[in-house]
Amino acid sequence: MATQQQQDITSELTDYRYGFHDEEKYEFKSGKGLTEETVRMISAYKKEPQWMLDFRLKAYKIYREKPMPTWGSPFLQDIDFENIHYYIKPTDRKSRNWEDVPAEIKSTFDKLGIPEAERKFLAGVGAQYESETVYHSLQAHLEEKGVIFVDTDTAVQKYPELVQKYFATIVPPRDNKLAALNSAVWSGGSFVYIPKGVHVELPLQAYFRINAENAGQFERTLIIAEEGSSVHYTEGCTAPIYATDSLHSAVVEIIVHKDARVQYTTVQNWSRNVFNLVTKRAVAHENATMMWLDCNIGSKLTMKYPSIYLMGKGARGEIMSLAMANKDQHQDAGGKIFHMAPDTSSVINAKSVSLRGGRSSYRGMLQVAPGAERSRSRVTCDALLLDTQSATDTYPTMQIDENNVAIAHEATVTKISEEQLFYLMSRGLSEQEASNMIVNGFLAPLIKEFPMEYALELNRLIALEMEGSVG
Amino acid sequence: MSQLVIKNLHASVDNKEILKGISLTVNSGEIHAIMGPNGSGKSTLCHILMGHPKYTITSGTIELDGVSITEMAPDQRAQLGLFLSFQYPQEIPGVKYTNFLRQAKNALLAAAGQPAVKIPDFLKTLKEKIKMLKFPEDFLNRAVNEGFSGGEKKRAEILQMAIFEPKFAILDETDSGLDVDALKIVAKGAASIAKETQCGVLLITHYQRILNYIEPSFVHIMSEGRIVRSGSMDLVHEVEAKGYEPFLVTTTV
C-alpha cells in the first residue's frame, strides 16, 4: 500500500467532503466549554441558513435551563461539561498521531484483523479510503432510485425543505438536556430519505460513508421512509472506535410512514473513556414496522433506550438490545414502546452479560394509550452474570390504560453455574472456552438477527471481551 | 493398551469423607460394573475421577497410563482420554449440539497435536453415529440438552462417547430413566463403541438389566465409600437373588 497515494487520497477526500478550497481554509476549534458564541461560530463555520442557527440558539437556551437527569448511572456525575471541545474542525481531528493511540486499542485491532487503513480511520488518525469506491458505486445505484444518503450537514444545504419538515419533530430539543445539547452543537450524522415504494436491498452502512465526523461527538441522524418503502441502516462496527473526546451524545430520528419498514442496527464499541448518552426515537405509522437492533459493548457509560411510537393502526415495533458490561463499565440500556393506536404490536428482547465487576441495567417503558385496543406486547429481559463482583438491575415501567390488550413481561437473571462449566470442561474445553460457549449460546438468539458479517465479527469481539475473564 | 489405575483413593466434600480408600485398575477393552445401593458413593466416584471442583482428594492417586491425573482440571483429563457420561447432563441454552460436538472434538484433537476435523468429514461421522443410536437428524440443530427428554439426554451422552473416542468411559447410571427399548439402544450402542475402540468402561448402575446388553468383565459392589466385593457376573446374580444387604458394610455408630 503506497503511503503517498494514501495521503493524496486522504487530502483529496478532505477537500471534497467539506467543500473547501485553499482560499477559504481557516482554522477552527471551539474553546473548551459551551457559550452562545460557540453555537453561533459552529453555525457560521458551516454556513448554515438562518433557520438552523435559530434552532441551535433556541436549543442552547433549553440546554442551559434543563437540569441533568437525576436518574440513571452515578457515573453521570463524572461528566465535566466545561472541559469539552464542542466543535473541532475535522481536519484537526485527523492530525492526531498514531503514536498517541493507546496500546490496548492497537492490540484489539490486531486481534480483530482490521486492515491498516481502517485502523487509522477508526482511531481518528486518518480517513479510511478503501471503502470509498464501494460507497460511490452504492451511491450511484441509490441515486437512480431517488434515495438520498448524505451526511446531515450536506442535507441542510441541499435538501432544506425535507430537513425542515422532519428535523427535530421526533426528538425536540426540549426532550432532555442531552437532546438539547445535541440540537445546539450537532455535527455530522446521516440523512436518509427513501422514496415511496423503494426497497433498499443492501444495508446502508454509515461505516462506508467516509466522514471523520460520522464518528463524531454530536451526530444527528434523520431517516425518512416513505409509504411502502424499506431500508436497513447500520451504524458502528465491531472494531473499537477510539475517541479522545469523552462525551458522545447523538440524536437519531426515524419516521416510518404507512406500510414502510425500517431496521436500525447499531454496534457500539466506543473506547472505554466515552460517556455515550444517546436519544434514539422512531415513529411508526399505519401498518409500518420499526426495528431497533442495538448492541452495546464499548464506552464507560452508555445510557440509551431506543424508542418507538406506534402511531398508526397495525404498526409493529421491535427492540432487540444486547449489552456487555466489562470492568468499570455501566451499560444502562433497554427500550421504550408506546402503543398509541389499535392493533399495534411490539416486542422488546434485551440480553445483557456482566463480567469482571461490570454493571448492566435494563431500563424499559411500555405504554398503552386509552383506545389502543387489541395491542399486544411481549417484553423479555435476561441477564447473565459471569462472576460475583458483577451486577445487573432491571427497571421495567408499564403504563397500560386500555383493558383489551395482551401484555407479557418476563425477566431472568442467570449466573454461569459450576455444573455447566464442569460439564463442558469434561469434554476437553478449557474453562475460558466453556464460558465463551455459554455466553455465545446466551446471546445467540440476538446475534442471529445481525447481518451475517456482523454476526461473525460480533462473536469474535465477544470472545475478545471474555479473554482472561476466568481463573 | 491403556490403563486407568485408582490407588487407595480418599475424598471428601465439606469435610465429610465420602470415598474411603478405593482401589481399582481398568485396562483397555475391559468393562467394569460398579453396583451398590443409593448413597454408596458411586456417582461421587465418577465426579471425582473426572475432576469435579466440589470434591477434595485427601489421599491416594488416579493414574492414566502412568501419568497422575489426580490434580488435573477436568479438561486436561478429557484431553488425556477420560470421558464421563453424566447421570444428569447439563443444558447449554443457545448452543447448537453440532457446534458443541465439533468444538469439543477439535479441543481434544488439538491437545493430541492433531489437526482440526474437516466439517464435511465430521458431519459424515456424526450422521453414521446418529443412525446407530436411532436419533432423529434434526437433533443436531437443537441446543445442547435443552428440552431433551431424559432418554434423549442419555442417548446424546453415548453419542458423545462415539464422537470423542475416549480411552476410558465412565457411564454414570446411563440406564436410569430409560424405558426398555431406549435402554437396549443405548446399552448396545455403548457396548459396540467400546468394543470397536477398545475403550475401557467403568459402568455405574443400580440394576442388572443394563448388564444384559453390556456384559462386564468384572463386577464390584460398593458400600459406604469402599469396594466391598469384586467378582464376575456371578456377583450380579447374587445381588439379584439376595439384594445388597449381605454385602453392606455395617457402620458402628
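Residues numbered from 1 in each chain as written. Chains lettered and ligands numbered in written order. Predicted model: local features only at pLDDT ≥ 70, side-chain atom pairs only at ≥ 80, totals over all residues.

Caption draft 1: Representation of the environment of A:Val347 within the structure. Residues and elements named next belong to chain A. Take Val347: it is sitting in strand β15 (residues 345–354). The class of Val347 is partly exposed, set by 18 C-beta atoms lying within 10 Å. Along the chain, Val347 and Thr234 lie 113 residues apart, while their C-alpha atoms are 20 Å from each other. The contact partners of Val347, leaving out residues within four places of it in the chain, are Glu318 and Arg378. (Helix = DSSP H or I, 4+ residues; strand = E, 2+ residues; numbered from the N terminus. Buried ≥ 20, exposed ≤ 12 C-beta atoms within 10 Å, placed from the backbone. Contact = placed C-beta atoms within 7 Å.)

Caption draft 2: A look at the nonpolar core. Grouped together as the largest cluster of nonpolar side chains are 182 residues, with contacts concentrated most on A:Val185, A:Val256, A:Val262, A:Ala284 and B:Ile170. Here this core gets eight residues from one element, more than from any other, and that element is helix α12 (residues 431–447) of chain A. Here A:Ala284 is in contact with A:Val256, A:Thr289, A:Met290, A:Ile308, A:Tyr309, A:Leu310, A:Met311, A:Gly312, A:Ala315 and A:Gly317, once residues within four sequence places are set aside. (Core = buried A, V, L, I, M, F, W, Y, C linked by C-beta atoms within 7 Å.)

Caption draft 3: Representation of the confidence of the model for chain B. Residue-level pLDDT values for chain B average 93, and 98% of them are 70 or greater. Across the whole predicted complex the pTM is 0.86, and at the interface the ipTM reaches 0.96. (pLDDT = per-residue confidence, 0-100.)

Caption draft 4: Spotlight on the confidence of the model for chain A. Considering every residue of chain A, the mean pLDDT works out to 84; 79% of them sit at 70 or more. Under a pLDDT of 50 for its full length, residues 208–215 of chain A has, in the predicted model, 32 contacts with residues more than four places off or in other chains.

Caption draft 5: Quick look at the interface of chain B and chain A. With 23 residues of chain B at the contact, the number on the chain A side is 19 residues. Listing elements by their share of the side of chain B that touches chain A, those giving two or more residues are α2 (74–79), β7 (92–96) and α3 (97–111) of chain B. The element that contributes the greatest number of residues to the side of chain B that touches chain A is α3(B), accounting for five residues. Residue composition of the side of chain B that touches chain A, by class: 17 nonpolar, five polar and one charged. (Nonpolar A, V, L, I, M, F, W, Y, C, P; charged D, E, K, R; others polar.)

Caption draft 6: Geometry of helix α13 (residues 452–466) of chain A. Residue and element names in this part refer to chain A. Taking 1.5 Å of rise per residue, 15 residues should cover 21 Å, and α13 covers 21 Å from first to last C-alpha, within 8% of that figure. Residues of α13 that are buried include every one of Tyr454, Leu458, Leu461, Ile462, Glu465 and Met466, and no others. Looking straight down α13, one finds its buried side chains confined to an arc of 135 degrees; they lie on one side. Projecting away from the buried face of α13 at angles above 90 degrees are the exposed residues Met452 and Glu453. One or two residues past the end of α13 sits Gly468, with phi positive at roughly 70 degrees. (Expected span 1.5 Å × (residues − 1). Arc of directions from axis to C-beta.)

Caption draft 7: Representation of the packing of helix α4 (residues 119–132) of chain B against helix α5 (residues 150–164) of chain B in the model. All names here are of chain B. Running from amino to carboxyl end, α4 crosses α5 at an angle of 140 degrees, the nearest separation of the two axes being 10 Å. Considering their axes alone, α4 and α5 lie oblique with respect to each other. Our pair here, α4 against α5, has a crossing hand that is right-handed. Facing Leu126, Lys129 and Ile130 of α4, the residues of α5 in contact are Leu159, Ala162 and Ile163. A breakdown of the residues in the contact of α4 with α5 according to their chemical character gives five nonpolar, no polar and one charged. (Axes fitted to C-alpha atoms, helices over the stretch in contact; angles between N-to-C directions. Parallel < 35°, antiparallel > 145°, perpendicular 65-115°, else oblique. Left-handed = near helix turned anticlockwise from the far one by under 90°.)

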